[in-house]
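# Chains, contacts and geometry: an overview
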Amino acid sequence: MAGNNYGTLYRITTFGESHGEALGGIIDGCPPGITIDLEAIQKEMSRRKPGQSAIVTQRKEPDDVQFLSGIFEGKTTGTPIGFIIPNTNQKSDDYSHIKDNYRPSHADYVYEKKYGVRDYRGGGRSSARETASRVVAGAIAKQMLPEIKINAYVSAVGPITLDKPYQDLDFSKIESNPVRCPDEESAVIMEDYIREIRKQGDTVGGIVTCVIQNVPIGLGEPVFDKLHAELGKAMLSINAVKGFEYGSGFDGAQMKGSEHNDLYNADGTTRTNLSGGIQGGISNGMDIYFRVAFKPVATIMQKQESLDNQGNITEMTGKGRHDPCVVPRAVPIVEAMAAIVLADFYLINKTYSSTI
C-alpha cells in the first residue's frame with residue numbers, strides 16, 4: 001500500500017490499524033532546537049480522542065503518545081521523530097459480522113478488490129483512527145510556527161448552519177461545548193440534533209470552517225504546488241471529507257469581477273478578502289479561511305442491504321462504536337493538516353527566499 005506519507009520537507013509517514021497493537025508515525029524534516037511542549041501535544045490528542053463526550057463514539061482510548069526518537073531534553077534534535085499511540089480498547093468481535101460482508105459506502109469492498117485482503121476489524125487501515133498520528137505531527141508543526149494562529153470550528157451539522165462571519169465569533173468559545181461551535185446558541189441546537197440522530201440509529205454530516213491568521217506573505221509554490229491546492233489535498237485526505245472550498249469558494253462563481261476583486265490598501269493589505277488569503281497560489285498575508293464538508297458516517301444502526309464476498313445481496317445492521325457525527329472530533333484533525341501544510345511550505349521557502 002502506497003500513499004502513507006505526506007509532505008516534501010516536513011514529512012509525516014503514518015502506520016497502524018484501528019484494532020492493531022498501535023498507531024504511529026515518523027516525522028522527517030523537523031528542524032533541530034525546537035522546544036517541544038508535550039502537554040500541548042497531548043491536549044491536541046484529547047480533542048480528537050474517542051469517548052470524550054456523549055455525542056461521539058464511546059470507544060475509550062487515552063491516546064497517550066509515546067515518543068521514541070528525535071526529541072532530547074525537551075528539544076528536537078533534527079533527526080526523525082518516531083512515536084506510537086497504543087490501542088487499548090479494541091472490541092474486534094463487534095466486527096465479526098462484516099468479515100464476509102461489505103458495508104455500504106465503506107472502503108471494505110474496494111480494499112479487498114485492490115489488495116486481495118483486508119483487516120475488517122474497525123475498518124483496519126481505512127479507519128479514521130489513523131488520523132491520530134496526523135494530530136501528533138500537526139501539534140509539532142504548530143510549535144514550529146507559534147506566530148501563526150490556526151482555529152477550526154464546526155459551522156454546520158446537517159441542515160443547521162452557523163451563518164455568522166468568522167470575524168464576529170469568539171474562538172475562545174470553541175472548546176466550551178462538545179460540538180466545538182463558537183456560537184453558544186447554535187451549539188445547543190446542533191448538539192440536540194446529533195443526539196436525536198443517534199437515537200434514530202442514524203448519522204449526519206457537517207462542515208468544519210478553518211481560519212489561519214498571521215500567515216507571512218510568500219507561502220506556496222506555483223504552478224502545481226499552490227498553497228490552496230495543497231490545503232485542498234490535505235483536507236480531502238481526511239476520512240469522510242467530500243468537499244473543500246476556500247475564500248469566496250463556489251459563491252465566487254456567481255459574482256462579477258468588479259465585485260470579486262480585492263482592492264489594495266497602501267500597505268499591500270486588501271480592503272476585502274474574497275481571495276481567502278491566497279493569490280496566485282501564494283499567501284498574501286491576509287487571513288486564510290476555508291470550509292471542509294464531511295459526509296455522514298457510513299455505519300448506521302439500522303437494517304440495510306449489503307453485499308457479501310460471494311456476490312449475494314444480504315441484510316445487515318451496523319454494530320460497534322461509531323460517531324453519529326464526525327465533525328466535533330474532526331476539528332483538531334483539520335487544524336493539524338493545515339499546520340502540516342504550512343510547516344512544509346515554511347521550510348521550502350527558507351531554502352531560497354529572504355521573505356521569511
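Description of the structure in this document. (Residues numbered from 1 in each chain as written. Predicted model: local features only at pLDDT ≥ 70, side-chain atom pairs only at ≥ 80, totals over all residues. Heavy atoms only, no water.)

### Structural notes on the packing of aromatic side chains
Here the distance between the centres and the angle between the planes together describe a pair of aromatic rings. Convention followed: Working definition: rings of Phe, Tyr and Trp (its six-membered ring) pair if their centres are within 6.5 Å, and the pair is stacked with planes under 30 degrees apart, edge-to-face with planes over 60 apart, and tilted otherwise. Secondary structure elements are defined from DSSP: runs of H or I of at least 4 residues count as helices, runs of E of at least 2 residues count as strands, and each element is numbered from the N terminus. To sort residues, take the accessible area from a 1.4 Å probe on protein chains only and compare it with the maximum for the residue type: under 20% means buried, over 50% means exposed, and anything in between is partly exposed.
Following the criterion strictly, the structure yields six aromatic pairs and no others. Seen from their ring centres, Tyr-153 and Phe-171 are 5.9 Å apart, and the 35 degrees between their planes marks the pair as tilted. Of this pair, Tyr-153 sits in strand E9 (residues 149-157) while Phe-171 sits in the loop between strand E10 (160-161) and helix H4 (184-199), and the two are 18 residues apart along the sequence. Here Tyr-153 and Phe-171 have matching classes, each one buried.

### Quick look at the side chain of Ser-186
Heads up, the condition is: Any two residues having at least one pair of non-hydrogen atoms within 4.5 Å are treated as being in contact.
The residue Ser-186 is located in helix H4 in this model. Relative accessible area serves as the criterion here: at 12%, Ser-186 is assigned to the buried category. Not counting chain neighbours up to four residues away, the residues in contact with Ser-186 comprise Leu-162 and Cys-181.

### A closer look at unusual backbone geometry
The phi torsion of most residues other than glycine is negative, and most of the peptide bonds are trans. With an omega dihedral of 10 degrees, the bond running from Pro-222 to Val-223 counts as a cis peptide bond. Here Val-223 shows up in the loop between strand E11 (206-213) and helix H5 (227-236). The phi torsion at Arg-180 lies on the positive side, around 70 degrees, for a residue other than glycine. Phi is positive for Asn-214, close to 65 degrees, though the residue is something other than glycine. Relative to the assigned elements, Asn-214 resides in the loop between E11 and H5.

### Focus on the sheet that holds strand E17 (residues 313-317)
This is how it is decided: Following DSSP output, two strands are said to pair if at least two bridges run between them.
Strand order in the open sheet formed by three strands is E8-E16-E17, with antiparallel pairing between adjacent strands. The sheet is open, and its two edges are formed by strand E8 (101-102) and E17, each paired on a single side. Relative to E17, strand E16 (residues 303-308) is paired through five bridges, and the arrangement is antiparallel. The residue bridging Glu-305 from the neighbouring strand is Glu-315, located in E17.

### Some thoughts on the sheet that holds E9
Rules: Angles run from 0 to 180 degrees between N-to-C directions of axes, and those axes are lines fitted to C-alpha atoms, restricted for helices to the stretch in contact.
Pairing is antiparallel in the open sheet, where five strands are placed in the order E10-E9-E11-E15-E12. The sheet terminates laterally at E10 and strand E12 (241-246), the two strands that pair on one side only. Across the sheet, H5 is in contact with E12 and strand E15 (288-294); its angle to E12 comes to roughly 160 degrees. Against the sheet, helix H7 (residues 327-350) makes contact with E9, E11 and E15, and its axis sits at roughly 145 degrees relative to E9, the strand it touches most.

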